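Coordinate inspection notes
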Amino acid sequence: MNYNVDERGYYGDFGGAFIPEMLYPNVAELKENYLKITAEPEFKKEFDALLKSYVGRPTPLYFAKRLSEKYNTKIYLKREDLCHTGAHKVNNTIGQILLAKRLGKNRIIAETGAGQHGVATATVCALMGIECIVYMGALDIKRQAPNVARMKMLGAEVRPAMSGSRTLKDATNEAIRDWINNPVDTHYIIGSVVGPHPYPDMVARFQSVISEEIKTQLLELEGRDYPDHVIACVGGGSNAAGLYYHYLNDERVNIIAVEAAGKGIDTGESAATSVLGKEGIIHGSKTLLMQTPDGQITEPYSISAGLDYPGVGPMHAHLFRTKRAEFVSVPDQEAMDWGLTLSQMEGIIPAIETAHAFAALDVRKFKPNEVVVFNCSGRGDKDLETYIDYFKL
Amino acid sequence: MKQNRIDLKFQEDKKLLSIYFSAGFPNLEDTVPILKNLQAAGVDMVEIGLPFSDPLADGPTIQESSTRALENGMSTHKLFEQLQGIRDHIDIPLVLMGYFNPMMQFGIEKFCQQCEAIGIDGLIIPDLPVDVYNEQYKSLFDKHGLYNMFLITPQTPEERIRYIDEVSNGFIYMVSSAAVTGAQSSFGATQADYFKRIANMNLKTETVVGFGISNADTYQAAITHSRGAIIGSAFIKFLEKEGVESIKDFIAAIR
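Just so you know, these numbers come straight off a predicted model, no measurement behind them.

The next point concerns the overall build of chain B. For chain B, the count of helices and strands is 12 helices and 9 strands. Against the globule reference of 18 Å for 255 residues, chain B gives a C-alpha radius of gyration of 17 Å, in line with a compact fold. With the C-alpha coordinates of chain B rotated into their principal frame, the extents come out at 45 × 40 × 35 Å. Counting only residues that meet the buried cut, chain B has 53% of its 255 residues in that class.

Attention now goes to the pairing of strand β3 (residues 94–98) of chain B. Burial analysis of β3 of chain B places 5 of its 5 residues in the buried class, which makes it a mostly covered element. Alternating residues of β3 of chain B divide into L94, L96 and G98 of chain B and V95 and M97 of chain B, and every residue in both groups is buried.

Moving on to the sheet that holds strand β10 (residues 254–262) of chain A. Residue and element names in this part refer to chain A. Spatially, β3-β4-β14-β9-β10-β13 is the arrangement adopted by the 6 strands of the open sheet, whose pairing is mixed. Each edge of the open sheet is held by one strand with a lone partner, namely β3 (61–63) and β13 (325–331). The average undirected angle you get between the axes of adjacent strands in this sheet is 25 degrees. With 5 bridges connecting them, strand β9 (residues 229–233) and β10 associate as parallel partners. In the sheet register, A232 faces β10, and the bridge partner there is A257. In the packing of helix α14 (residues 332–346) onto the sheet, contacts are made with β10 and β13, and the angle to β13 comes to roughly 90 degrees.

What follows covers the nonpolar core. One finds V134, A232 and V258 of chain A together with Y173 and A229 of chain B to be the most contacted residues of the largest nonpolar core, which totals 206 residues. For this core, the two domains that each supply at least three residues are domain 1 (21–50 + 89–202) and domain 2 (56–87 + 208–391) of chain A. For A229 of chain B, the contacting residues outside a window of four places in its chain are L17, V208, V209, G210, I213, Y219, A222 and I223 of chain B.

With that out of the way, let us pick up helix α12 (residues 247–254) of chain B. Residues and elements named next belong to chain B. Those residues of α12 not exposed but buried are I247, F250, I251 and I254. The buried residues of α12 occupy an angular sector of 95 degrees when projected down its axis, which confines them to one face. Turned more than 90 degrees from where α12 packs its buried face, D249, A252 and A253 sit exposed. The elements touched by buried residues of α12 are β1 (16–22), α2 (31–40), α10 (216–224), β9 (228–231) and α11 (233–242).

This part takes up unusual backbone geometry. Here H197 of chain A and P198 of chain A are connected by a cis peptide whose omega angle stands at 15 degrees. Considering the arrangement of structural elements, one finds P198 of chain A in the loop between β8 (186–189) and α9 (199–207). For the bond from F25 of chain B to P26 of chain B, the omega torsion is -5 degrees, close enough to zero to count as cis. Backbone geometry at H283 of chain A places phi at a positive 50 degrees, although glycine is not the residue there.

Residue and element names in this part refer to chain A. With respect to the element layout, Y226 can be found in the loop between α10 (209–222) and β9. Its 18 C-beta neighbours within 10 Å are what place Y226 among the partly exposed residues. Separated by 24 residues in sequence, Y226 and D250 have C-alpha atoms that sit 8.7 Å apart. Apart from the residues lying within four places of it in its own chain, the contact partners of Y226 are L218, Y247, D250, R252 and V253.

Turning to the packing of helix α4 (residues 89–102) of chain A against helix α5 (residues 116–128) of chain A, a few remarks are in order. All names here are of chain A. It is the contact of α4 with α5, at a shortest axis distance of 9 Å, that shows an interaxial angle of 40 degrees. Comparing their axes, α5 and α4 come out oblique. Seen from above, α4 lies across α5 with right-handed handedness. The residues of α5 that touch α4, namely those facing K89, V90, T93, I94, I97 and K101, are Q116, H117, A120, T121, T123, V124, C125 and M128.

The rules behind the values
Residues numbered from 1 in each chain as written. Chains lettered and ligands numbered in written order. Predicted model: local features only at pLDDT ≥ 70, side-chain atom pairs only at ≥ 80, totals over all residues. Helix = DSSP H or I, 4+ residues; strand = E, 2+ residues; numbered from the N terminus. Rg over C-alpha atoms; globule rule 2.2 N^0.38 Å. Buried ≥ 20, exposed ≤ 12 C-beta atoms within 10 Å, placed from the backbone. Pairing = 2+ DSSP bridges. Axes fitted to C-alpha atoms, helices over the stretch in contact; angles between N-to-C directions. Contact = placed C-beta atoms within 7 Å. Core = buried A, V, L, I, M, F, W, Y, C linked by C-beta atoms within 7 Å. Domains from an automatic or database assignment. Arc of directions from axis to C-beta. Parallel < 35°, antiparallel > 145°, perpendicular 65-115°, else oblique. Left-handed = near helix turned anticlockwise from the far one by under 90°.

Take a look at the structure:
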């Protein structure tokens, strides 16, 4: 079976481009050009050079000695938290800004929830001297003040999304509306493997540098270029897509996806889309999403702002339906405890999103000689206030 | 097979005025009174909006009315319940306009059956692309005598307009400008050129202009090169302010 995208833009039953006609020219332009442009040697050269000298790639694959001893298995962390701006998000924004430039766009829009993707977009726009507008839910603007300040400092305009629940999904709606209103000069940098085709594939390709590096690094460290397990947290799913990418069709590698259970699956305050979601359409993509029986999209909850998206990328919906990936959901409390554990056992303060992934160690046993690679997708600086409140630091 | 009311309407020798409203707004039970008042005021066709939580092709006015309608308790089931027996009172064409996700959750086949039973003539589903419709749903819609209308914009390439024309029945919904829904006070030369360009393509399907029509001026500009015009946001604003009983005043001011 193929677990990657097909030529029609689908992952099995999921994906496609369910977009209003007003968006057709924008999306068609991207679809017709993204593979051609990203395959050009000049593009690759510029992309690789920026990833190296600006982002700080390759990021280390670090053997977590104390954690490995405690869980009696071989645990590696892919240190995406060491990327410039503090998370993997920048891999994608670098790729998309270079693409936008080649498409002759002079205005960038983006959506953001916690502000991480907004910061990563504002950063590359500053780097290239391009106008940047970031849509952010009015509620999130209040909750994520430091990232709002970062975006402003980087020269971006932060526009509050006042509609609906005033969070990430509404910011995404607003960004799409902006793109409808500005179809010629604007490129929309989506931050995750969501949205209409070709976005999920395009973002996954830019993030695939994560597993590409792991192959080289593991060969050196373990004498083979594949691990036994790859584990990542999944909101929309971009860090997970990057981690899984080169192993999607390699069935020697077990894939584990960790979702945010929030206050618990059955509490009505959760973001575990694979358990609570049903097939439908969100932001132009057919996928699993949380909704009412009437088909109205509902507001998810997680203590980590980066995981509370009501849908999941179509790649992940396909991995779930075909059982290619194991899906695990982790409540707030366990994730927060893992934030502390990783800090004190390995000296790494993870983002709360990232901390969710590690909780897989509590529910899943690994053998002593197995190689387990976690995507350490982001650092915890942005979450300090939440950690302070939670642990009364 | 009996003729679709939309076709019959287009056979009349006149320009058509069509009105869009969000079902369940301003009040949950306004749907039928609004329809009756629109017909009495001489409106030629109505688009009944099925509210959605995330209407990404719509501007602030329709978003807001959609949100309010959902808060009032509107749902697909509720709307079908309200429309039972509507053909005893209303004989102008009725089109349901909504996003695809709520229809999927209701079940597309069941949705089409309900539409047919009630006497709905067609659907406008902004986020169901023409190719997906053509491959997966057209035969089902045909079976239930339902037309599906598609949108084109100033940016739609000619080749694609030809394709949409081929697949279309009823009418083609010409979006006036590259924008989400919402009232504009006037149309400029750009719009006039676009309307003319489409008129000169001699499409087999009739065209109706929508988005941005708010008054007699924009209505006149829209119908000069097309068969009719659809008003949404401006009507919804009026409805909220003046109420259902004043609908005839709104229509009288347009034409």
